Amino acid sequence: MEDAIAAVRLFNRFYTRRVGALNQRFLGTELSLPEARLMFEIQQADATVASDLNKLTDMDAGYTSRVLARFEARGWITRQTGEGDQRRRPIALTPAGRAVFEVIDQRQRDEVREMLRALAPAQQADLVAALGEARTLLDPTPDRSFSIRPWRTGDLGLMTARQSAFYKEVYGWGRGLELNITEATAGFLRTYKDGRDNGWIAEVAGAMAGSVLITDEGDGLCRLRLLYVEPMARGRGIGDHLVELCLSFAREVGYSAMTLWTHTVLTSARRIYAAHGFEIVEVETHDEFGEPVQGETWRRAL
């Protein structure tokens, strides 16, 4: 914990200095960063009110009131009389206020563009994923949104690393489990059949949040493999959606049945499989991952 605290504080000091967050004249304008943030939120919202701005920014209500009064005195905002509660007066930028906002917004974009210029496209993608993962880890349930994309080069190695580390930490499954996942992903790449095999990656805020593969087992049978959802992204329905993608693909290309292998301790995954019509056809205890664990083979007709 102490190392994590030190790392977060170090990054905070680095980034506030890098973006000039403590400068009285943010990006060379006459506004501070908190004032620029208020202007941004007013621009983004549709007739917001002061109390909503306080909630969005977590700023002191008195400070927000003083800044808004200064904005109004400069002709940057208007306050209309709202319907019902007269204390809730919708706030909007005037043409003069929008002009100020556009200057700040363009300067911020230029600053970030210059910051990223030295990074190759792959490095930019890594940064987006890292920032998204950090935001989701620190605030895991802001909403239920996620996106799905087909697998691409580099995903299988990341799937192997993330799943191996997770199962080691949570269940104590070590080299045997990592070998099993490594062989599964390597086999997927080695014998990949276009149009018969497939895989999908779920992302939250640009970070890998889940994954699944489907492989051709021959004789009309396909296998659902390595279904996984990151702890930070659970509760969004990602696992359910990934299983449904596998089933839809399998039906589309003409498979007659789907099978999978899981373990009794993986209760969340088992609930998803049962909800999608899979049934247990075999149970066997093994010690491939270290200590004895109960493995299950599930199957459903398509």
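This section reports on the structure supplied with the text. (Residues numbered from 1 in each chain as written. Predicted model: local features only at pLDDT ≥ 70, side-chain atom pairs only at ≥ 80, totals over all residues. Heavy atoms only, no water.)

1. Quick notes on the nonpolar core
Among soluble globular proteins, nonpolar side chains are generally buried collectively. Residues Leu224, Met258 and Tyr273 are the most contacted members of the largest nonpolar core, which totals 46 residues. With 7 residues, the top contributor of residues to this core is helix α9 (residues 238-253). Counting residues in hydrophobic clusters, the runner-up holds 17 residues, among them Phe26, Ala36, Met39 and Ile42. (Core = buried A, V, L, I, M, F, W, Y, C linked by side-chain atoms within 4.5 Å. Buried < 20%, exposed > 50% of the residue type's maximum accessible area, 1.4 Å probe, protein only. Helix = DSSP H or I, 4+ residues; strand = E, 2+ residues; numbered from the N terminus.)

2. Looking at the layout of surface pockets
If a probe as big as a water molecule is rolled over the atoms, it shows which places are left empty. Roughly 1,600 Å³ of internal volume is contained in the largest pocket. Elements supplying a minimum of two residues to the lining of the largest pocket: α1 (2-18), α2 (33-44), α5 (95-116) and α6 (121-138). Here the lining of the largest pocket gets 9 residues from one element, more than from any other, and that element is α6. Tallied by class, the residues present in the lining of the largest pocket amount to 27 nonpolar, 5 polar and 5 charged. In this structure, the second largest pocket occupies an estimated 760 Å³ of space. In this structure, the second largest pocket is lined by 36 residues; those nearest its centre are Tyr167, Leu227, Leu266, Ala269 and Tyr273. Those elements giving two or more residues to the lining of the second largest pocket turn out to be α7 (155-171), α8 (175-190), β6 (221-229), α9, β7 (257-263) and α10 (267-275). At 7 residues, the largest contribution of residues to the lining of the second largest pocket is made by β6. (1 Å grid on protein atoms, 1.4 Å probe; cavity = no way out; pocket = protein on both sides within 12 Å on 5 of 7 lines; lining within 4 Å. Points joined across faces, edges and corners; volume = space filled by probe spheres on them. Nonpolar A, V, L, I, M, F, W, Y, C, P; charged D, E, K, R; others polar.)

3. Some thoughts on the pairing of strand β4 (residues 198-204)
The buried count for β4 comes to 7 of 7 residues, which makes it a mostly enclosed element. Neither face of β4 is left uncovered, since the one carrying Asn198, Trp200, Ala202 and Val204 and the one carrying Gly199, Ile201 and Glu203 both have all their residues buried. As paired elements, strand β3 (residues 147-150) and β4 share 4 bridges and run antiparallel to each other. Bridged to isoleucine 148 within β4 is alanine 202. Looking at chain direction, β4 and strand β5 (residues 207-218) are connected through 7 bridges and run antiparallel. Bridge assignment links alanine 202 to a residue of β5, and that residue is glycine 210. Hairpin remark: β4 followed by β5, antiparallel, with 2 residues in the connecting loop; positive phi at alanine 205, about 55°. (Pairing = 2+ DSSP bridges.)

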